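# Examining the three-dimensional arrangement
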Amino acid sequence: MDCDDLEPLIEGLADGAVALDARGLAHLGSCAVCQARVEQARDIERFLASREVPSPPAAFTAGVMALVRHDRWQAERVVDLGFNLAMAAGALVILAGIGGFAWSLGFLSVTIDFTAAIEAARTELGGRLVSQVQTIVMAAVLLTMALALWWWTETDSSF
Amino acid sequence: MRATETGAPATRTPRGGVAEHELIERCRQGDETAFRELVDQFKGLVFALTARSVPNRARAEELAQDVFLKVHRGLPYFRGDARLSTWIYRITVNVLSQERPELAAVSLDEIKPGEAEPRLKPVTHDRAFADLALKDRLDKAIQRLPIHYQVLVNGHYLKGLQYEELAEALNLPMGTVKTHLHRAKRQLRHLLETEFR
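Looking only at helices and strands, one finds 7 helices and 0 strands in chain A. The order of α-helices and β-strands along chain A, N terminus first, is α-α-α-α-α-α-α. If you take every contact in chain A between residues at least 6 apart in sequence, the share linking residues at least 24 apart comes to 56%.

Below, the structure is given as structure tokens:
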């Protein structure tokens, strides 16, 4: 047996999985290179066995749970968006269908005199808007608040 | 639940058994407490594996959390063919491989030509200093190993990770694990004798 024969057995010797025969022991006893290799392998074995096991931080589980909740919220948001889009598309299709049906039966005929409409907007609509400005402002405020509330609940993952 | 050859329900061991099956079912039903239990059960080993493979502790924590996020996403598709622990270790290996793709693609049998004739380590009479130096060199050398070897070396010396689990996690035959572990340590020794002298 020579160094090349012994080389693949070094780690087995170090962790006790391999036992040498007489020829192997004779070579090891007389070869400084192989002895140094075995010593190195035993050092490695000793250090691997005694290495400190890193512990996760105390807040690790809480961090994972927050991550999972956020992930779930994002998935639900995608589903919500898809649902809302589908509902809107469905409503549009139904409205278009009703309109088309009414038009085909002759119940719906639209003729717009744009010049007259613009003129009416100038004279009548302006006056109406001025008289209703308080109501319009209140409605706008309420609508803004409702939209803000909706946005806040959608963006806050704790909901 | 698996059945025996006689058709009777297989008796589950406590490790991969009824408790584990129930835990998985509860997790699948969206029971947050159950998933918290699962994380608490496996976080030690998962974090130890990532922290030993990635030098940056904060990054190791992110990777360990990513493992559990993937576990959560994958639970509905987990068929139970392997033990839960094995499946989680497999995910850990995949996450580590994605983190360090250059080490994931390395052939496990690859030994660089220069490492064939290692030089002997220098003799030192200060044992404590030599030990400290060896520990530092060893940590660096381990992080240079292919990911599969890292998981073998890091996982084998953690309490609770069996040869069988390592074999399943790394998709290796049971008999091959010991051989690969010896090869991993041999490669470590070569690295210590050459690049990390």
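With that settled, consider the overall build of chain B. Broken down by element type, chain B carries 9 helices and 0 strands. Going residue by residue from the N terminus, the α and β elements of chain B occur as α-α-α-α-α-α-α-α-α. Residue burial in chain B is summarised as follows: out of 197 residues, 35% are buried. Partitioning the intrachain contacts of chain B with sequence separation of at least 6 by distance along the chain shows that 64% fall at a separation of at least 24.

Moving on, we come to the interface of chain A and chain B. Counting residues at the interface gives 27 residues for chain A and 33 residues for chain B. Those elements giving two or more residues to the side of chain A that touches chain B turn out to be α2 (10-15), α4 (32-50) and α5 (60-104) of chain A. Tallying contributions element by element places α4 of chain A first for the side of chain A that touches chain B, with 9 residues. Each residue belonging to the side of chain A that touches chain B can be placed in one class, and the counts come to 18 nonpolar, 5 polar and 4 charged.

Two quantities define a packed helix pair, namely the angle between the axes and the distance from one axis to the other. Running from amino to carboxyl end, α4 of chain A crosses helix α9 (residues 174-193) of chain B at an angle of 110 degrees, the nearest separation of the two axes being 10 Å. Comparing their axes, α9 of chain B and α4 of chain A come out roughly perpendicular. Crossing of α4 of chain A against α9 of chain B: the hand is right-handed. Where α4 of chain A abuts α9 of chain B, its residues Gln40, Ala41 and Ile44 of chain A lie against Lys185, Leu188, Arg189, Leu192 and Glu193 of chain B. For the contact of α4 of chain A with α9 of chain B, a count of residues per class yields 4 nonpolar, 1 polar and 3 charged.

All names here are of chain B. By size, the foremost hydrophobic cluster in this structure holds 55 residues, and its most contacted members are Val46, Val67, Ile88, Leu152 and Leu188. The element that contributes the greatest number of residues to this core is helix α2 (residues 32-53), accounting for 10 residues. If near-sequence neighbours (up to four positions away) are discounted, valine 46 is found in contact with Ala64, Val67, Ile88 and Thr92.

Following both chains from N to C, one finds α5 of chain A and helix α3 (residues 57-74) of chain B inclined at 50 degrees, their axes separated by 10 Å at the closest point. The orientation of α5 of chain A relative to α3 of chain B falls into the category oblique. In this structure, the crossing between α5 of chain A and α3 of chain B has a hand that is right-handed. The residues of α3 of chain B that touch α5 of chain A, namely those facing Phe60, Gly63, Val64, Leu67, Val68 and Asp71 of chain A, are Glu61, Gln65, Phe68, Leu69 and His72 of chain B. Considering only residue class, the contact of α5 of chain A with α3 of chain B consists of 6 nonpolar, 3 polar and 2 charged.

Below, the discussion takes up α4 of chain A. Residue and element names in this part refer to chain A. When the terminal C-alpha atoms of α4 are compared, their 27 Å separation across 19 residues agrees well with the 27 Å that a helix rising 1.5 Å per residue should span. For α4, the complete set of buried residues consists of Cys34, Arg37, Gln40, Ala41 and Ile44. Seen from one end, α4 has its buried residues packed into an arc of 120 degrees, which puts them on one side. Turned more than 90 degrees away from the buried face of α4 sit Ala32, Ala49 and Ser50, all of them exposed.

All names here are of chain B. A residue-level look at chain B finds 76% of positions with pLDDT of 70 or above and a mean pLDDT of 78. In this model, residues 1-15 is a region of pLDDT below 50 whose contacts with residues beyond four sequence positions or in other chains number 12 contacts. Note on residues 111-124: pLDDT is under 50 here. Beyond four places in sequence and across chains, it has 19 contacts. Prediction confidence for the complex, expressed as pTM and ipTM, is 0.64 and 0.70 respectively.

Definitions and limits used
- Residues numbered from 1 in each chain as written.
- Chains lettered and ligands numbered in written order.
- Predicted model: local features only at pLDDT ≥ 70, side-chain atom pairs only at ≥ 80, totals over all residues.
- Helix = DSSP H or I, 4+ residues; strand = E, 2+ residues; numbered from the N terminus.
- Contact = placed C-beta atoms within 7 Å.
- Buried ≥ 20, exposed ≤ 12 C-beta atoms within 10 Å, placed from the backbone.
- Nonpolar A, V, L, I, M, F, W, Y, C, P; charged D, E, K, R; others polar.
- Axes fitted to C-alpha atoms, helices over the stretch in contact; angles between N-to-C directions.
- Parallel < 35°, antiparallel > 145°, perpendicular 65-115°, else oblique.
- Left-handed = near helix turned anticlockwise from the far one by under 90°.
- Core = buried A, V, L, I, M, F, W, Y, C linked by C-beta atoms within 7 Å.
- Expected span 1.5 Å × (residues − 1).
- Arc of directions from axis to C-beta.
- pLDDT = per-residue confidence, 0-100.

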